[in-house]
Amino acid sequence: DQIIGSELEYDKNKDSIGRIAAEMVEDRQWIFIGMGSTCFYFAKALMKKRDINIVTNNIYVAALMSGKRDVNTRVIGGNVVPGTMGLSGEGFLDYLDNLCISKAFICVSGINMKNGLMVDTQAEYNIYHKIKEISNEVVILADSKKFGRQGLIKIDPVTKASAIITDGQIPDDYKAYLFQMGVKTFFSYDIKESNIREIENE
């Protein structure tokens with residue numbers, strides 16, 4: 001989930017995904033927000049919330065939350081991972097060892113039926129598996145362009161995700177695939193904010 005340069009163009013689908021994800025965050029929860037532009041849209045949607053705790057390695061998310069006094073934001077430092085809006089490194093991974101995260105929200109580079117969830121860098125691979133160890137739930141944020149795309153490194157089968165949030169433009173065969181695999185999936189076109197928690201608990 002990469003960007004080019006310092007400007008982030010508006011994306012309606014990612015914005016909708018972010019708003020759905022924000023409705024899954026409860027008061028006083030500790031959440032992790034990962035690298036990538038879709039995670040940034042998620043953070044934007046969180047701006048209307050109060051009394052939440054954020055751990056992030058996303059540079060854009062850190063800058064966004066720096067002006068919000070009613071949200072506790074903890075930024076984990078490290079080396080910049082080119083093209084990902086994020087930080088990583090050995091110190092970053094060591095810092096995560098003793099943390100306990102309720103929900104982690106992660107972007108991926110691609111999802112396909114052969115390889116499942118994929119990323120493009122070793123840093124993202126390392127972060128994903130560390131976050132999975134310390135989180136009660138891992139939610140994948142992926143717009144429809146990620147489905148069928150080939151990433152470089154496999155990180156997990158789709159069934160390992162606690163949920164996937166996407167938009168309604170994913171191909172029909174992938175909709176069927178996620179259903180057949182039993183993956184809890186939220187589509188932006190047919191979910192209203194008021195009933196997300198009800199559906200999530202089914």
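Everything quoted here is computed from the prediction, not taken from an experiment. (Residues numbered from 1 in each chain as written. Predicted model: local features only at pLDDT ≥ 70, side-chain atom pairs only at ≥ 80, totals over all residues. Heavy atoms only, no water.)

**A look at empty space enclosed by the protein**
For the record, the criterion: As defined here, a cavity is a set of points on a 1 Å grid over the protein atoms alone where a 1.4 Å probe fits but cannot get out. A pocket is an open set with protein on both sides within 12 Å along at least five of seven lines, and residues line them when an atom is within 4 Å of a point. Grid points are joined across faces, edges and corners, and a volume is the space filled by probe spheres set on the points. Only DSSP runs of H or I reaching four residues or more are called helices, and only runs of E reaching two or more are called strands; each is numbered from the N terminus.
Applying the stated criterion across every chain yields a total of one cavity of 30 Å³ or more. Taken as a whole, the largest cavity holds about 80 Å³ of empty space. For the largest cavity, the full set of lining residues is Gly 34, Met 35, Ile 106, Cys 107, Val 119, Glu 124, Ile 127 and Tyr 128. Elements represented by at least two residues in the lining of the largest cavity include exactly strand S6 (101-107) and helix H5 (122-134). Looking at which element gives the most residues to the lining of the largest cavity, the answer is H5, with three residues.

**Description of the sheet that holds strand S10 (residues 153-156)**
Short version of the rule: DSSP-based pairing: two strands are paired if at least 2 bridges between them are found. Axis definition: a line fit to C-alpha positions, over the contact stretch in the case of helices; interaxial angles, taken between N-to-C directions, run 0 to 180 degrees. Residue contacts are counted whenever heavy atoms from the two residues lie within 4.5 Å of one another.
One open sheet holds the three strands; their spatial order is S7-S8-S10, and the pairing between them is antiparallel. Edge strands, defined here as strands with exactly one partner in the open sheet, are strand S7 (110-112) and S10. Along the sheet, successive strands turn relative to each other by an average axial angle of 40 degrees, direction set aside. Here S7 pairs with strand S8 (residues 116-119) via three bridges, running antiparallel. Note that in S8 the partner of Ile 111 across the bridge is Leu 117. Lying over the sheet, H5 contacts S8 and S10, oriented at roughly 5 degrees with respect to S10.

**What about the nonpolar core?**
Soluble globular proteins tend to pack their nonpolar side chains together in the buried interior. The test is simple: By convention a nonpolar core is built from buried Ala, Val, Leu, Ile, Met, Phe, Trp, Tyr and Cys residues, the set being connected through side-chain atoms within 4.5 Å. For the exposure calls, accessible area comes from a 1.4 Å probe over protein chains only, and a residue counts as buried if that area is under 20% of its type's maximum, exposed if over 50%, partly exposed in between.
Among the nonpolar cores identified, the biggest contains 36 residues, and Phe 32, Leu 117, Ile 131, Ile 140 and Phe 147 are the most heavily contacted of them. Contributing elements (two or more residues each) for this core: helix H4 (90-96), S6, S8, H5, strand S9 (135-141), S10 and helix H6 (172-180). The element best represented in this core is H5, accounting for five residues. When sequence neighbours within four positions are dropped, the list of residues in contact with Ile 131 reads Phe 32, Leu 96, Ala 104 and Ile 106.

**Some thoughts on the pattern of salt bridges**
Counted only if it meets this: Salt bridge, as used here, is a side-chain nitrogen of Lys or Arg placed within 4 Å of a carboxyl oxygen of Asp or Glu.
The tally for this structure, following the rule as stated, stands at 11 salt bridges. Across the salt bridge formed by Arg 50 and Asp 70, the nearest N and O atoms sit 3.3 Å from each other. Here the residue Arg 50 occupies a position in the loop between helix H2 (37-45) and strand S2 (53-56), and Asp 70 occupies one in the loop between helix H3 (59-65) and strand S3 (72-75), the gap between them amounting to 20 residues. Residue classification places Arg 50 among the exposed positions, given a relative accessible area of 58%. Lys 130 is paired through a salt bridge with Glu 133; the nearest N and O atoms lie 3.7 Å apart. Placement of the pair is Lys 130 and Glu 133 together in helix H5, with a separation of three residues, close to one helical turn. Given the relative accessible area of 60%, Glu 133 is considered exposed.

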